[in-house]
Amino acid sequence: MNNKISLKKMYDEYIDIYRYIIGDEEDKKVKYYDRSSVDWDEVLESLGFLNTDNIVAVITSKGQTPIAVQLSDGDGDVMQKILPAKGSIISFSDVIFRMYDDIAFFGVTVRSYKNIAFFDVFAFYLFRGDLSVSADQRAFFNYEETILVKYVGGGDVYNIPKGIVKIEDSAFKELINLSCVIIPNSVVSIGASAFSDCWNLELLTVPDSVTAIADEAFYGCRSLKKLVVPDSVTELGNGAFMGCVGLESVRLSSNIKNIAPFMFLGCESLKEVNIPSGVNEIEKRAFAACYSLETVTIPDSVVEIGEGVFNENDKLSAILVSEDNPVFKSIDGNLYSKDGSILIQYAVGKEDTMFNIPDGVKVIGNHAFVGSKKLCVVRMPDSVVEIGESAFSCCENMSAIDFSNSSLREISQYAFEACSSLYGIILPGSVKKIGAGAFCKCRNLLEVIVPESLDSIGAEAFKECNSLEYFKIPDGVTKLEKNTFLSCSNLGHVIIPKTVKSIDESVFRYCSSLCSVFYEGTMEEWNEISIDEYAGIDVWETKVYFYSKNKPPLDENKVDYDGNYWRYGRKKGEYKNIMLNAIIGDAMIEIWKK
């Protein structure tokens, strides 16, 4: 038989214990509340409480000032803590109080930092009404015994009592020894994180009475292999099965309208999943990092697909689409918009090493090729004008992008991040913008030729391109953004146009080989540029050369040139009586220096 606990008459004692814990010597007043009109959320917030899920402990001295706490770690192990004297500051953590009968029932985690005590409540519900506690004190219900508030463990199998209609948020969270839960057909809803991180949970059947499964309800259930979501379910929350690394197959309810964000993220063993015909939307990263997923079929009802839905699926070789779908279509197993103007997702599990983007594609979608391990060469048609965010990031074997026939205008942020086999890039004359981090961490990138049409280079665009030796910034650029060339350790020469008016923090920081900056203006114009003190130009004894179309005069001693100067050379082999020559890309450099 369950024990009944009344909370409505116990709040005053709770306040006393609250004061006992914090040892508040400055404010001796205790604020009491009219329980009939109290806003419990407001009260708890004012007292500094945060929602948490934690261990349950028992005050052993019934009806008296608490002197000891029994702590349960959820696995049956119990230890005892002795409380400090009244008025002192609590310095230990993970203490939760539970009191019976004449003392209020509540759960609190105490943390101390710089003589300030912090409090967390393991379930707000416990303060909103009376409770019922199972005879073994391991399961907690609302007073009417229709809601399972918390189960604290004590076995590998638990049979939820009949009559329960709701499993509260985090009710079984982190019970790592739990292997089987039997849910009665009276249960209507399963709360957020209800079974999250139950690592050994293998057997669980969702009855057809359930209509709602909340966010991350089964997050991290590593041992769960198969699951059937009955047709009674109409709501499936974000990340409901995220991190279920052992999950091999799922049958979804035919009555859900969307597949929520992150629903199957990281389900490494998932081989098959049905997308019901009534689903209208597949939201962001719903099937990302499902390393075993080989084929997906999208029904005609789906009209919206979020970003990165199929990212990092190493074995995904075909994304099929119903011919009757009005918004999407499949070409050779890859996902496109119906009119073919957007390449939404390349099936990265394909064995092909070369891919020709079809004519008519205007935009390569965000994350479209992320993590492709086989692809080496991609050819862009004339129709492509934009490459989306992270479109080719982490394509570790891609060594060449052919832009020769492209009318490309924009490369979005992180488009080619960490393409470690990319050796050279020649961008077409149509390009206007390179986004932040577009080529960052392309560690083998030796050469990048950018057109004079370019007017924007984003922050971190070439960060950690360790093999890059030189770079010519085009005339349209007015600002070098933060970290543009950060940690380009082999960057030796840079040409900066006089259109540049500011050089931000860490643009050339850790560019330990930077020896020459060729500025296309005069020394006076250089001195007018706003250069951040941490830009990195002066750290490596870098010489700045100022442009002089004609050979500069000698100094007053008629021995050295009066400063460091340079100009563009005319043709190879025509250099005479100059002290140093250099080649930066297709630019021939003549240098005069002190």
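Here's what I pulled together on the structure shown here. (Residues numbered from 1 in each chain as written. Predicted model: local features only at pLDDT ≥ 70, side-chain atom pairs only at ≥ 80, totals over all residues. Heavy atoms only, no water.)

For the rest of this paragraph, the subject is the overall build of the chain. Along the chain, the regular secondary structure elements total 3 helices and 48 strands. Contacts in the chain between residues far apart in sequence, at least 24 positions, make up 35% of those at least 6 positions apart. (Helix = DSSP H or I, 4+ residues; strand = E, 2+ residues; numbered from the N terminus. Contact = heavy atoms within 4.5 Å.)

What follows deals with the sheet that holds strand S17 (residues 226-228). Pairing is parallel in the open sheet, where 3 strands are placed in the order S17-S19-S21. What marks the edges here is a single partner per strand, and that holds for S17 and strand S21 (272-273). Pairing of S17 with strand S19 (residues 249-251), which is carried by 3 bridges, proceeds in the parallel orientation. Residue pairing for S19: leucine 227 is matched across the bridge by valine 250. (Pairing = 2+ DSSP bridges.)

Okay, the pattern of salt bridges next. Under the defined criterion, the tally for this structure stands at 11 salt bridges. The closest approach of N and O atoms between lysine 472 and glutamate 452, which form a salt bridge, is 3.0 Å. With lysine 472 in strand S39 (residues 470-472) and glutamate 452 in the loop between strand S37 (447-449) and strand S38 (456-457), this residue pair connects regions lying 20 residues apart in the sequence. The partner of lysine 479 in a salt bridge is aspartate 504, and the shortest N-O contact between them spans 3.5 Å. Note that lysine 479 is positioned in strand S40 (residues 479-480) and aspartate 504 in the loop between strand S42 (502-503) and strand S43 (516-519), a separation of 25 residues in sequence. (Salt bridge = Lys/Arg side-chain N within 4 Å of Asp/Glu carboxyl O.)

Let us look at the state of the cysteines. Any covalent bond linking the sulfur atoms of two cysteines counts as a disulfide. What the rule picks out here adds up to 0 disulfides. Free cysteine: cysteine 198, not disulfide-bonded; nearest cysteine sulfur from cysteine 221 at 5.3 Å. The cysteine cysteine 395 is free of any disulfide, with cysteine 419 supplying the nearest cysteine sulfur at 5.1 Å. Exposure remark for cysteine 395: the relative accessible area of 0% places this residue in the buried category. (Disulfide = S-S within 2.5 Å. Buried < 20%, exposed > 50% of the residue type's maximum accessible area, 1.4 Å probe, protein only.)

As a further point, take the pairing of strand S9 (residues 139-142). Across 3 bridges, the pairing between S9 and strand S10 (residues 147-151) is antiparallel. Bridging from a neighbouring strand, phenylalanine 141 pairs with leucine 148 of S10. Where S9 hands over to S10, the hairpin turn is made up of 4 residues, of which glutamate 145 adopts a positive phi near 60 degrees.

Considering the arrangement of structural elements, one finds serine 292 in the loop between strand S22 (281-282) and strand S23 (295-298). What makes serine 292 buried here is its relative accessible area of 18%. At 2.7 Å, the side chain of serine 292 and the backbone oxygen of glutamate 268 are in polar contact. In this view, serine 292 contacts Glu268, Ser269, Leu270, Lys271 and Lys315; residues no more than four positions away in its chain are not counted. (Polar contact = N/O pair within 3.5 Å; in protein donor to acceptor, adjacent residues only side chain to side chain.)

With that settled, the discussion passes to the sheet that holds strand S44 (residues 530-531). Sheet architecture is open: 3 strands sit in the order S40-S42-S44, paired in parallel fashion. Either end of the sheet is taken by a strand with one partner, and the two such strands are S40 and S44. Sheet analysis places S42 next to S44, joined by 2 bridges and oriented parallel. Bridge pairing in S44 places isoleucine 503 opposite isoleucine 531.

In terms of nonpolar packing, the biggest core is built from 67 residues, with Phe392, Phe416, Phe462, Phe485, Ile496, Ile503 and Phe508 touching the most fellow members. At the level of secondary structure, the elements contributing two or more residues to this core comprise strand S41 (493-496), S43 and strand S45 (543-547). Membership of the second largest hydrophobic core comes to 64 residues, among which are Tyr151, Phe172, Val273 and Val279. (Core = buried A, V, L, I, M, F, W, Y, C linked by side-chain atoms within 4.5 Å.)

Time to look at the pairing of S23. Along S23, the buried face is formed by Val296 and Ile298; none of Thr295 and Thr297, which line the opposite face, is buried. In terms of strand pairing, S23 meets strand S25 (residues 318-321) through 4 bridges, oriented parallel. Each bridged residue has a counterpart across the sheet, and for valine 296 the counterpart in S25 is isoleucine 319.

For the rest of this paragraph, the subject is the side chain of threonine 542. One can find threonine 542 in the loop between S44 and S45. At a separation of 2.9 Å, a polar atom in the side chain of threonine 542 contacts the main-chain carbonyl oxygen of leucine 514. Side-chain polar atoms of threonine 542 contact the backbone oxygen of isoleucine 537, separated by 3.0 Å. Ignoring anything within four residues of it in the chain, the contact list for threonine 542 reads Leu514, Cys515, Ser516, Val517 and Ile537.

Attention now goes to unusual backbone geometry. Here the phi dihedral of glutamate 464 falls at roughly 60 degrees; this positive angle occurs in a residue that is not glycine. Looking at the element boundaries, glutamate 464 is found in the loop between S38 and S39. The class for glutamate 464 is buried, based on a relative accessible area of 18%. Even without being a glycine, serine 487 presents a positive backbone phi close to 65 degrees. Residue placement: serine 487 occurs in the loop between S40 and S41.

Residue position: aspartate 532 is located in the loop between S44 and S45. Judged by its relative accessible area of 29%, aspartate 532 is partly exposed. Through-space distance from the C-alpha of aspartate 532 to that of serine 506 is 8.0 Å; in sequence the pair is 26 residues apart. Filtering out sequence-adjacent residues up to four positions away, aspartate 532 remains in contact with Ile503, Asp504 and Glu505.

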